[in-house]
Amino acid sequence: MTTAVGARDFGVYVHVPFCSVRCGYCDFNTYAPGEVEGATREGYVEAALREMDLARAAMPGDARAARTVFFGGGTPTMLDSSALIALLDGVRGTWGLSADAEVTTEANPDSVTKESLRALARAGFTRVSLGMQSAVPHVLRTLDRTHKPANVERAVLAARDAGLKVSLDLIYGTPGESLEDWRTSLEAVIALEPDHVSAYALVIEPGTRMGAQLRRGEVAPTDPDVQADMYELADTLLSEAGYSWYEVSNWAREPGDRCRHNMAYWRSQDWWGIGPGAHSYLGPHPLPDGGEAPARRWWNVKHPRAYAARLAAGESPEAEGEELAGDDLRLEQVMLRLRLSEGIPADSVEGRAEAVAKLIADGVLDGPAAVRGTLRLTRRGRLLADLAVRALAF
Ligand SMILES: C[S@@+](CC[C@H](N)C(=O)[O-])C[C@H]1O[C@@H](n2cnc3c(N)ncnc32)[C@H](O)[C@@H]1O
Ligand code: SF4
């Protein structure tokens, strides 16, 4: 399944580690004011621009223009639009941007205005991904979200007015959320007519505030069967409204509305992550001596202060990395790609005929698609994607 370097897309991820408030469930590498002494937003932008300079010099092979850029966080729109534009200009100056580049920023509904979105669109941003999470006030409160449901509509209209494509993120399975609450959120999303929807099952990590509430018995976890019903309801309502799933947690109106940047992750293309804690991946590539360097993944130091200090000293912010080859690379590719509606070629899991037959019999893999040579998850299989990967790849 490995694609030659020249045929692989190249994308840039820019991690912006700031939020106005840390949501109790969130385990991302992000910091609310007061949590990040000694690291300023200005310092961050300067360091990220320096990292781009170092990255280009360290990157093997000829320059490849970025086909996608994704500003994630954290809340990238905690930075002024001028700072986000400076970072995008940095990417443009470092690698170049392809003419049809997809440029996304994540945003909280409270952190954008008509003016800020227009400025971003003028500078080359094409897409905004808004963290809506729910349309139900008690669910938003449990999630510690600062926005009111009405702010989402305002942000969607402003983004559309600026000419940006709109994606909405939802979370399901919040403690206290009923199936009817979830239906309300889905209906609200559909009424807003976004181009793209992501719906994630809430994961409560032990190290978060919500993890502590769970341990103390202050919140109850959602029954996995109810979460499964919620997933199926999402798929039913979104499909009826004209959205198609293309990855387990993602639906798009048209194939052209899929998030190309995330598609590149799932298809094991190449990307460079800029910012504290950002991960990067480069697939196998030829060496000047005629040999081949293996695929490599690495990640940056997590804390913004450590990150800025490394770059101020002219050093790479890489914390650790690993090379991937043989079975490890194959396992990783099966794991990522099986989540896509396009599935994986049946011959990429040679020697697993028995496992494939069982997964088809159990309704996890699509039988007719397998006969045509593609292993593809059924709706039931999408709820059991991890199980399917284990059965196919080990
Ligand atoms: C980095 S956040 C996105 C941007 C923005 N900060 C926001 O929250 O609106 C990316 C998305 O991850 C999802 N997410 C974060 N923590 C999660 C968790 N513990 N379980 C499930 N989804 C989560 C949320 O839907 C969120 O919109
Ligand atoms: S979910 Fe978004 S807004 Fe909330 S803390 Fe995480 S990154 Fe920040």
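Just so it is clear, the structure is predicted and the values come from calculations on it, not from any experiment. (Residues numbered from 1 in each chain as written. Chains lettered and ligands numbered in written order. Predicted model: local features only at pLDDT ≥ 70, side-chain atom pairs only at ≥ 80, totals over all residues. Heavy atoms only, no water.)

Peer 1: How would you summarise the pattern of salt bridges if you had to cite specific residues and measurements?
Peer 2: Summed over the entire model, instances satisfying the criterion amount to 23 salt bridges. Put simply, Arg 67 and Asp 9 hold a salt bridge, and the shortest N to O gap is 3.2 Å. In this pair, Arg 67 sits in strand β2 (residues 66–73) while Asp 9 sits in the segment before β1 (10–16), placing the two residues 58 residues apart along the sequence. On the basis of relative accessibility, which here comes to 26%, the residue Asp 9 falls in the partly exposed class. For the salt bridge of Glu 218 with Arg 216, the shortest nitrogen-to-oxygen distance reads 2.7 Å. (Salt bridge = Lys/Arg side-chain N within 4 Å of Asp/Glu carboxyl O. Helix = DSSP H or I, 4+ residues; strand = E, 2+ residues; numbered from the N terminus. Buried < 20%, exposed > 50% of the residue type's maximum accessible area, 1.4 Å probe, protein only.)

Peer 1: Summarise helix α5 (residues 149–161); cite the residues concerned and give the values.
Peer 2: Given a rise of 1.5 Å per residue, 13 residues ought to cover 18 Å, and the 19 Å separating the end C-alpha atoms of α5 matches this to within 8%. For α5, every residue scored as buried is listed here: Asn 151, Val 152, Ala 155, Val 156, Ala 158 and Ala 159. One side of α5 carries all its buried residues, which in axial view fall inside an arc of 165 degrees. Buried-residue contacts for α5 involve α3 (114–123), β4 (127–133), β5 (165–172) and α6 (179–192). Looking at the residues trailing α5, positive phi occurs at Gly 163, about 90 degrees. (Expected span 1.5 Å × (residues − 1). Arc of directions from axis to C-beta. Contact = heavy atoms within 4.5 Å.)

Peer 1: Mind laying out the domain arrangement of the chain, listing which residues take part and the relevant values?
Peer 2: Parsing the chain into structural domains produces domain 1 (5–265) and domain 2 (329–393). When each unit is reduced to the centre of its C-alpha atoms, the spacing between domain 1 and domain 2 is 28 Å. Listed by partner, the interface residues are 13 residues for domain 1 and eleven residues for domain 2. Buried surface at the junction of domain 1 and domain 2, both sides included, amounts to about 1,200 Å², of which 54% is carbon and sulfur. Three residues stand out in domain 1 for area buried against domain 2, namely Tyr 231, Trp 245 and Val 248, and they jointly supply 44% of the buried area on that side. At the junction of domain 1 with domain 2, the criterion picks out three salt bridges. Asp 235 is paired through a salt bridge with Arg 379; the nearest N and O atoms lie 2.8 Å apart. Run the count over domain 1 and domain 2 and you get seven residue pairs in polar contact (both at pLDDT 80 or more). Broken down by secondary-structure element, the contributors of at least two residues to the side of domain 1 that touches domain 2 are α8 (224–240), β7 (244–247) and α9 (260–266). (Domains from an automatic or database assignment. Buried area = accessible area lost by both parts, 1.4 Å probe. Polar contact = N/O pair within 3.5 Å; in protein donor to acceptor, adjacent residues only side chain to side chain.)

Peer 1: Can you tell me about helix α2 (residues 81–94), naming the residues and giving the values?
Peer 2: Taking 1.5 Å per residue, 14 residues should reach 20 Å; α2 reaches 20 Å between its end C-alpha atoms and fits that length. By the burial criterion, the buried members of α2 are Ser 81, Ala 83, Leu 84, Ile 85, Leu 87, Leu 88, Gly 90, Val 91 and Thr 94. Elements in contact with the buried residues of α2: β1, α1 (41–58), β2, β3 (97–107) and α3. Two residues or fewer past α2, Gly 96 is found with a positive phi of approximately 85 degrees.

Peer 1: Describe in detail the pairing of β4, supporting the description with residues and values.
Peer 2: The element β4 is largely enclosed, with a buried count of seven among its seven residues. Residues Arg 127, Ser 129, Gly 131 and Gln 133 of β4 are buried on one face, and the alternating residues Val 128, Leu 130 and Met 132, pointing to the opposite face, are buried as well. Of the strand pairs in this sheet, β3 and β4 are connected by four bridges, and their pairing is parallel. Along β4, the bridge assignment pairs Glu 106 with Ser 129. Inspection of the sheet shows β4 paired to β5 by six bridges, in the parallel sense. If you follow Leu 130 over to β5, its bridge partner there is Leu 168. (Pairing = 2+ DSSP bridges.)

Peer 1: Kindly report on the packing of helix α11 (residues 326–337) against helix α15 (residues 385–393), identifying the contributing residues and their values.
Peer 2: The relative placement of two packed helices comes down to the angle between their axes together with the axis-to-axis distance. Two elements in contact, α11 and α15, have axes separated by 9 Å at closest approach and are oriented at 150 degrees. Here α15 runs roughly antiparallel to α11, going by the angle between their axes. Viewed along their axes, α11 and α15 form a crossing whose handedness is right-handed. For the pair α11 and α15, the contacting residues are Arg 330, Leu 331, Val 334 and Met 335 in the first and Val 389, Leu 392 and Ala 393 in the second. (Axes fitted to C-alpha atoms, helices over the stretch in contact; angles between N-to-C directions. Parallel < 35°, antiparallel > 145°, perpendicular 65-115°, else oblique. Left-handed = near helix turned anticlockwise from the far one by under 90°.)

Peer 1: So what about the packing of aromatic side chains? Which residues, and what values?
Peer 2: For any pair of aromatic rings, the description consists of the separation of the ring centres together with the inter-plane angle of the planes. The full count for this structure, using the stated rule, is ten aromatic pairs. Judged by centre distance (5.6 Å) and plane angle (55 degrees), the rings of Phe 10 and Trp 95 are tilted. With Phe 10 in strand β1 and Trp 95 in the loop between α2 and β3, this residue pair connects regions lying 85 residues apart in the sequence. One exposure class covers both Phe 10 and Trp 95, and it is buried. A ring pair is formed by Phe 71 and Phe 125, whose centres lie 5.2 Å apart and whose planes are at 40 degrees; its orientation type is tilted. Placement of Phe 71 in strand β2 and of Phe 125 in the loop between α3 and β4 is noted, with a sequence separation of 54 residues between them. Overall, Phe 71 belongs to the buried group, its relative accessible area being 0%. (Phe/Tyr/Trp six-rings, centres within 6.5 Å; stacked < 30°, edge-to-face > 60°.)

Peer 1: Outline the side chain of Asp 195, listing residues and values.
Peer 2: Here Asp 195 lies in the loop between α6 and β6 (196–201). Of the residues examined, Asp 195 reaches a relative accessible area of 14% and is grouped as buried. Reaching out from Asp 195, the side chain makes a polar contact with the backbone nitrogen of Val 166 at a distance of 2.7 Å. If we ignore the near neighbours within four places in the chain, the residues touching Asp 195 are Lys 165, Val 166, Tyr 243, Ala 252, Arg 253 and Asp 257.

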